[in-house]
Amino acid sequence: MSLDHTKNHEAVYDDAAAAPMANDGQSATGMDTSPRMALPVLAAAPTDGAGCHSGAEQMKAAAMASGKGGILEQYAKDYPKGPHDQPQSMCPAFGSLRVGLRMRRTATILSGSACCVYGLTFTSHFYGARRTVGYVPFNSETLVTGQLFEDIRDAVFKMADPDLYDAIVITNLCVPTASGVPLQLLPKEINGVRIIGIDVPGFGVPTHAEAKDVLSGAMLRYARTEAEQGPVAAPRSGKSDKPTVTLVGEMFPADPVGIGMLLAPLGLAAGPVVPTREWRELYAALDCAVVAAIHPFYTASFREFTYAGRPIVGSAPVGHDGTADWLRNIGEACGVSADKIAAAQNGVLPAIKAALAAKPIKGRITMSGYEGSELLVARLLVESGADLKYVGTACPKTPWSDADRDWLEARGVHVQYRASLEQDLQAMEAFQPDLAIGTTPVVQKAKELAIPSLYFTNLISARPLMGPMGAGSLATVINGALGNKHRFDEMKAFFDGVGEGMNAGVWEEVPVDRPEFREHYKRHLAKIAKQRKAEEMV
């Protein structure tokens, strides 16, 4: 193997780079010469990915030493990790990336290791994003010398076209954050285009749900500052003639419409949903009568609403009890009379009760997820008649989920914040549910145990949950899954005896377990770890 060190400091092992590519029409600067605009690639290709293999504590220590201490300390307050270190879920930066990609006239640039950027762009496009994701790569030299920041700055200036964009979002992933790349030194505005720089390291932001709040909070802070300085753009649909309720948390598209119908008898209207789909909606979100914390983990966003003097109401209009309490709390926060609140409740609660009774759910269920809506879904399941024993959420405990937690615990449901995979699996094994709702590994384990299971994100949370529409929305899919128990029993009986773990599959001879080999390898790993510890002390 020969190494040809090119002018870009890239190690070349063969001539694969000479193969013709679909983007050969690009100019040497990385700009597409076709009419469609592409994002510029401005730095050398990365050749040293060692940094992203460092431990979380080592990277956190490096970030603290390189000037990111204030940011990480704020993240620790906003998104506390306990009782264990961190839930097992996807890269948190996916959350903030998703928020940016769903906004009109908003460009997104990532700065991080190539493998991370590839995974994030793949996942974002898998979930339907049809936007270009910008990337400013780096190598050891550009990272250490500070050239990476200059490359990012150049990229931002080249992209800042007010005819195309209202804002550009630049996100530092783990390695640039640990190295202290100072996005806060970027201009706040270029040619009328707002510049938003955020750090979303895996060692600082626990979940992708909370990363949505990192970007939403940064945008709200910028928009609040603009509104304080003078007139701002009106919403695309015009300003409501009624006091509005801003809804915080991503939800099924029909839910804001349903919430608007619930609010109408109170003389209120549903305002924008945060995260918003356009910059100008941020102004309308801030210009509300009250904020509804539909998802309770948007701590940074709620801080901006508090600074703007807006009251915040937790929970959501889910099920009979949830809708009754939510309408009362929202009405009281907006100064609506008790008679008007009672009329609004009486106008919708009988329909919700009837919908729940028409589609009951019978069976023992355990549930977990990492979207932030787990407690709301849990309330709906309990009111539908399900014997729910456990609900786990990867998100933290906040004041805005207290009402939901208290309601569930009063009905014998164990609520676990910052739930780990191990806790979710222990709950499933302890309660032996008729149906397990959870993340991919939970669903996989449940099927191994012949327990019907459903993936929370795609099959449960992606449904209307609010008001009368949400009351019976879960019954069909859940009752269908509960009815499949006999199929799992038949499959387990059919495949019984083929083995599992190291014995799984078809063998000429059944593999023999060698515990002494495992012990030998365990001692070998312990020896290596001891040597590394000794080297660190030198």
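Just so it is clear, the structure is predicted and the values come from calculations on it, not from any experiment. (Residues numbered from 1 in each chain as written. Predicted model: local features only at pLDDT ≥ 70, side-chain atom pairs only at ≥ 80, totals over all residues. Heavy atoms only, no water.)

Trainee: Where do I start with the overall build of the chain in this structure?
Mentor: Secondary structure summary: the chain contains 21 helices and 16 strands in total. Split into buried and exposed, the 538 residues of the chain put 48% on the buried side. For the chain, the proportion of contacts with a sequence separation of at least 24, taken over those separated by at least 6, is 71%. (Helix = DSSP H or I, 4+ residues; strand = E, 2+ residues; numbered from the N terminus. Buried < 20%, exposed > 50% of the residue type's maximum accessible area, 1.4 Å probe, protein only. Contact = heavy atoms within 4.5 Å.)

Trainee: Got a minute to help me understand the pattern of salt bridges in this structure?
Mentor: Where charged atoms from two side chains of opposite charge approach closely, those side chains can pair. All chains considered together, the criterion is met by 26 salt bridges. Between glutamate 210 and arginine 418 there is a salt bridge; the shortest N-O distance is 2.7 Å. Here arginine 418 lies in the loop between strand 14 (414-416) and helix 15 (421-431) and glutamate 210 lies in helix 7 (residues 208-229), a separation of 208 residues in the sequence. (Salt bridge = Lys/Arg side-chain N within 4 Å of Asp/Glu carboxyl O.)

Trainee: Can you walk me through the confidence of the model for the chain in this structure?
Mentor: A low pLDDT means the predicted coordinates there should not be read in detail. Considering every residue of the chain, the mean pLDDT works out to 86; 88% of them sit at 70 or more. Long-range and interchain partners of residues 1-50, a stretch whose pLDDT sits below 50, account for 62 contacts in this model, where long-range means more than four residues apart. (pLDDT = per-residue confidence, 0-100.)

Trainee: Just to check I follow, could you spell out the packing of helix 11 (residues 319-333) against helix 12 (residues 338-358) for this structure?
Mentor: Relative orientation and spacing of two packed helices are given, respectively, by the angle between their axes and the distance between those axes. At a closest axis distance of 9 Å, the pairing of helix 11 and helix 12 adopts a crossing angle of 165°. Judged on the interaxial angle alone, helix 12 and helix 11 are roughly antiparallel. In this structure, the crossing between helix 11 and helix 12 has a hand that is right-handed. Taken together, the residues of helix 12 that come into contact with helix 11 (itself represented by Gly319, His320, Thr323, Ala324, Leu327, Arg328, Gly331 and Glu332) are Ile341, Ala344, Gln345, Val348, Leu349, Ile352, Lys353 and Leu356. (Axes fitted to C-alpha atoms, helices over the stretch in contact; angles between N-to-C directions. Parallel < 35°, antiparallel > 145°, perpendicular 65-115°, else oblique. Left-handed = near helix turned anticlockwise from the far one by under 90°.)

Trainee: It is not clear to me how the sheet that holds strand 16 (residues 453-455) should be interpreted in this structure. Could you clarify?
Mentor: Either a parallel or an antiparallel arrangement is found when strands of a sheet pair, and the pairing is made through backbone hydrogen bonds. The strand order 14-13-12-15-16 describes an open sheet built from five strands, whose pairing is parallel. Only two strands of the sheet have a single neighbouring strand rather than two, namely strand 14 and strand 16. Direction aside, neighbouring strands of the sheet carry axes that sit 10° apart on average. Across the sheet, helix 15 touches strand 12 (364-369), strand 13 (387-393), strand 14 and strand 15 (435-438), and the angle it forms with strand 13 is around 170°. (Pairing = 2+ DSSP bridges.)

Trainee: Is there a simple way to think about the nonpolar core in this case?
Mentor: By size, the foremost hydrophobic cluster in this structure holds 74 residues, and its most contacted members are Ile152, Ile168, Ile170 and Trp279. Isoleucine 170 has contacts with Ile109, Ile152, Val156, Leu183, Leu186, Ile195, Ile196, Gly197 and Ile198, leaving out every residue within four places of it along the chain. With 57 residues, the next largest nonpolar core counts Leu262, Leu327, Leu408 and Ala471 among its residues. (Core = buried A, V, L, I, M, F, W, Y, C linked by side-chain atoms within 4.5 Å.)

Trainee: Looking at this model, I keep getting lost on the sheet that holds strand 10 (residues 290-293). Mind explaining?
Mentor: Strand order in this open sheet of four strands is 9-8-10-11, and the pairing throughout is parallel. If you trace the sheet from one side to the other, it starts and ends with strand 9 (269-274) and strand 11 (312-314), each paired once. Within this sheet the neighbouring strands show an average axis-to-axis angle of 30°, counted without direction. With three bridges connecting them, strand 10 and strand 11 associate as parallel partners. Pairing of alanine 292 across the sheet is with valine 313, part of strand 11. Of the strands in this sheet, strand 8 (244-248) and strand 9 touch helix 8 (residues 254-263), which is tilted by about 150° from strand 9. Together, strand 8, strand 10 and strand 11 form the strand contacts of helix 11, whose direction differs from that of strand 11 by roughly 170°.

Trainee: Where do I start with helix 10 (residues 299-307) in this structure?
Mentor: Since the α-helix packs 3.6 residues into each turn, any two residues three or four apart lie on the same face. Considered for burial, the residues of helix 10 that qualify are Ala300, Ser301, Phe302, Glu304 and Phe305. Of the residues flanking the end of helix 10, it is glycine 309, one or two places downstream, whose phi is positive at about 80°.

Trainee: Sorry, what's going on with the environment of arginine 463 here?
Mentor: Mapped onto the elements, arginine 463 comes out in the loop between helix 17 (456-460) and helix 18 (467-471). C-alpha separation for the pair arginine 463 and leucine 474, spaced eleven residues apart in sequence, amounts to 7.7 Å. With sequence-adjacent residues up to four places away left out, arginine 463 is seen in contact with Phe252, Asp255, Ser473, Leu474 and Val477.

Trainee: Whenever I open this one, helix 12 confuses me. Can you help?
Mentor: Between its first and last C-alpha, helix 12 extends 30 Å over 21 residues, near the 30 Å set by a 1.5 Å rise per residue. In helix 12, a bend of some 30° at valine 348 exceeds every other bend along the element, and proline 350, a proline, comes one to four places later. Turning to helix 12, its buried residues are Ile341, Ala344, Gln345, Val348, Leu349, Ile352 and Leu356. Where helix 12 is buried, its residues touch helix 8, helix 11, helix 13 (374-383) and helix 18. (Expected span 1.5 Å × (residues − 1). Bend = angle between axes of the 7 residues up to and from the residue.)

Trainee: How should the packing of aromatic side chains be read in this particular structure?
Mentor: The way to describe two aromatic rings as a pair is by their centre distance and the angle between their planes. In this structure the tally under the stated criterion is five aromatic pairs. Their ring planes at 70° and their centres at 5.6 Å tell us that phenylalanine 302 and tryptophan 400 sit as a pair that is edge-to-face. Taken as a pair, phenylalanine 302 in helix 10 and tryptophan 400 in the loop between strand 13 and helix 14 (402-409) lie far apart in primary sequence, 98 residues in all. Tryptophan 400 sits in the partly exposed class, given a relative accessible area of 26%. (Phe/Tyr/Trp six-rings, centres within 6.5 Å; stacked < 30°, edge-to-face > 60°.)

Trainee: Can you walk me through the side chain of serine 473 in this structure?
Mentor: Within the element layout of this structure, serine 473 appears in the loop between helix 18 and helix 19 (475-482). Within the local environment of serine 473, its side chain forms a polar contact with the backbone oxygen of proline 464, the two atoms lying 2.6 Å apart. Separated by 3.1 Å, the side chain of serine 473 and the backbone oxygen of glycine 470 make a polar contact. Leave out the neighbours within four places in its chain, and serine 473 touches Arg463 and Pro464. (Polar contact = N/O pair within 3.5 Å; in protein donor to acceptor, adjacent residues only side chain to side chain.)

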